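Residue-level listing of the chains:
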Amino acid sequence: MRVNRVVGRFAPSPSGRMHLGNLWSCLLAWLAARSASGGMVLRLEDLDPDRCRPEYCDQVMRDLEWLGLDWDGQPVYQSRRTERYKQAFQRLEQQGVIYPCFCTRAERLAASAPHRSDGTAIYDGRCARLSQWERVELSKTRRPAWRVRVPEQEIAFTDLLQGGFREVLARDCGDFILRRSDGVYAYQLAVVVDDADMGVTQVVRGSDLLSSTPRQMWLQDRLSLPHPAYGHLPLLLARDGRRLAKRDRDRELGQLQREYTARSLVGLLACAANLIDRPEPITPRELLPLFSWEKLPREDITI
Ligand code: GLU
């Protein structure tokens with residue numbers, strides 16, 4: 001029997017310098033793939049022209065290399081793949097599940113009652129009920145975003161770390177945006193198209209993206225794409241309990257490099273991942289025989 005080869009991926013957003021949380025995800029994604037003799041691909045999620053800059057892409061690659069993490073082949077830039085997202089979008093359009101949404105941000109907030117598990121508002125679907133005439137009228141003054149209409153369908157999967165997870169899309173998530181009013185395709189669509197095109201079989205990322213997974217799996221079904229395996233890592237938290245973000249300047253790689261060598265930083269992360277007992281300097285390659293899913297923590301970690 002031929003066992004399919006694992007292919008993992010790095011998917012950083014080049015909107016600034018990477019911080020400790022990004023390094024954590026990258027290191028563990030790399031270990032999970034390479035320890036299974038798998039492939040590793042790099043995708044730069046630079047779709048948002050307001051936030052991403054080409055120089056940040058170069059910096060991300062230099063930082064991954066500095067840490068001792070490698071990837072196969074050429075990096076993939078989302079900003080160069082609009083044509084592929086368009087094809088997927090059109091396929092969904094043909095299936096009749098996409099509609100224009102004219103709501104402004106304020107209207108969207110007013111039009112949403114409960115909240116998703118990730119804290120964002122659930123849209124009540126009001127623009128799905130507009131008549132053709134109303135759509136024509138509204139488009140005279142506003143450019144719509146495009147939403148996908150989700151069903152009352154439960155999506156369930158077993159996460160490699162978090163165990164069973166399920167969501168009824170209509171109830172827990174609501175109709176979500178696939179293309180913004182400025183024309184930029186949404187992360188949820190791009191990630192699904194890219195993971196499939198890049199042959200990714202294993203997605204390892206932060207548990208802040210756990211609740212995106214049912215949406216992505218549903219889109220994979222609609223586009224006849226395979227489901228990768230998912231492993232959602234516990235988050236690294238700042239000492240005040242918030243998850244680390246780009247604004248935590250002291251945890252940004254530029255700052256960390258003043259205090260740590262690559263090996264000592266990898267040791268710190270490996271110790272947080274329960275792969276070594278003490279935060280001693282070590283390289284990613286030396287960690288390969290020590291990696292196992294069972295050892296990894298399930299709870300968020302204050303670092
Ligand atoms: N680009 C996302 C981030 O940097 C990760 C997306 C993903 O792993 O699916 O948070």
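Preceding this paragraph is the structure being described.
Residues numbered from 1 in each chain as written. Predicted model: local features only at pLDDT ≥ 70, side-chain atom pairs only at ≥ 80, totals over all residues. Heavy atoms only, no water.

Notes on the pattern of salt bridges
The condition that has to hold: Note on definitions: salt bridges are taken to be side-chain nitrogens of Lys or Arg within 4 Å of carboxyl oxygens of Asp or Glu. Elements are defined by DSSP. Helices are runs of H or I of four residues or more, strands are runs of E of two residues or more, and each kind is numbered from the N terminus. When accessible area is computed with a 1.4 Å probe and restricted to protein chains, residues below 20% of their type maximum are described as buried, those above 50% as exposed, and intermediate ones as partly exposed.
Enumeration according to the criterion identifies 21 salt bridges in this entry. Linking Arg180 and Asp50 is a salt bridge whose minimum nitrogen-to-oxygen distance equals 4.0 Å. Taken together, the residues span a long stretch of sequence, with Arg180 in the loop between β10 (176–179) and α7 (187–197) and Asp50 in the loop between β2 (39–44) and α2 (54–67) at a distance of 130 residues. Overall, the relative accessible area of 27% leaves Arg180 in the partly exposed class.

Topic: the site of the ligand
Short version of the rule: Only a single heavy atom is needed: when it lies within 4 Å of a molecule or strand, its residue is near that molecule or strand. Two N or O atoms count as a polar contact when they lie within 3.5 Å, although within protein this holds only if one can serve as hydrogen donor and the other as acceptor, and sequence-adjacent residues are included solely when both atoms are side-chain atoms. Shrake-Rupley sampling with a 1.4 Å probe provides the accessible areas, and residues are treated as covered by the protein chains on show and by no other component. Gly is put with the polar residues, along with every residue not named as nonpolar or charged; the nonpolar set is Ala, Val, Leu, Ile, Met, Phe, Trp, Tyr, Cys and Pro, and the charged set is Asp, Glu, Lys and Arg.
The local shell around the ligand consists of Arg9, Ala11, Pro12, Ser13, Glu45, Tyr187, Val191, Arg205 and Leu209. One nitrogen or oxygen atom from the side chain of Glu45 is found 2.6 Å from a nitrogen atom belonging to the ligand. For the ligand, whose accessible area on its own is 300 Å², the fraction buried by protein is 79%. Counted by class, the shell around the ligand contains 5 nonpolar, 1 polar and 3 charged residues.

A short note on the packing of helix α3 (residues 82–94) against α7
Short version of the rule: Angles shown run from 0 to 180 degrees and are taken between the N-to-C directions of axes, each axis being a line fitted to C-alpha atoms and, for helices, limited to the stretch in contact. Oblique is the label for any angle not covered by the other classes, which are roughly parallel (under 35 degrees), roughly antiparallel (over 145) and roughly perpendicular (65 to 115). Crossings are assigned a handedness: left-handed for a near helix turned anticlockwise from the far helix by less than a right angle, right-handed for a clockwise turn. Contacts between residues were defined by any pair of non-hydrogen atoms, one from each residue, lying within 4.5 Å.
For the pair α3 and α7, the least separation of the axes is 10 Å and the interaxial angle reads 110 degrees. It follows from the interaxial angle that α3 and α7 lie roughly perpendicular. The hand of the α3/α7 crossing is right-handed. Taken together, the residues of α7 that come into contact with α3 (itself represented by Arg84, Tyr85, Ala88, Phe89 and Leu92) are Leu189, Ala190, Val193, Asp194 and Asp197. Split by residue class, the contact of α3 with α7 holds 7 nonpolar, no polar and 3 charged.

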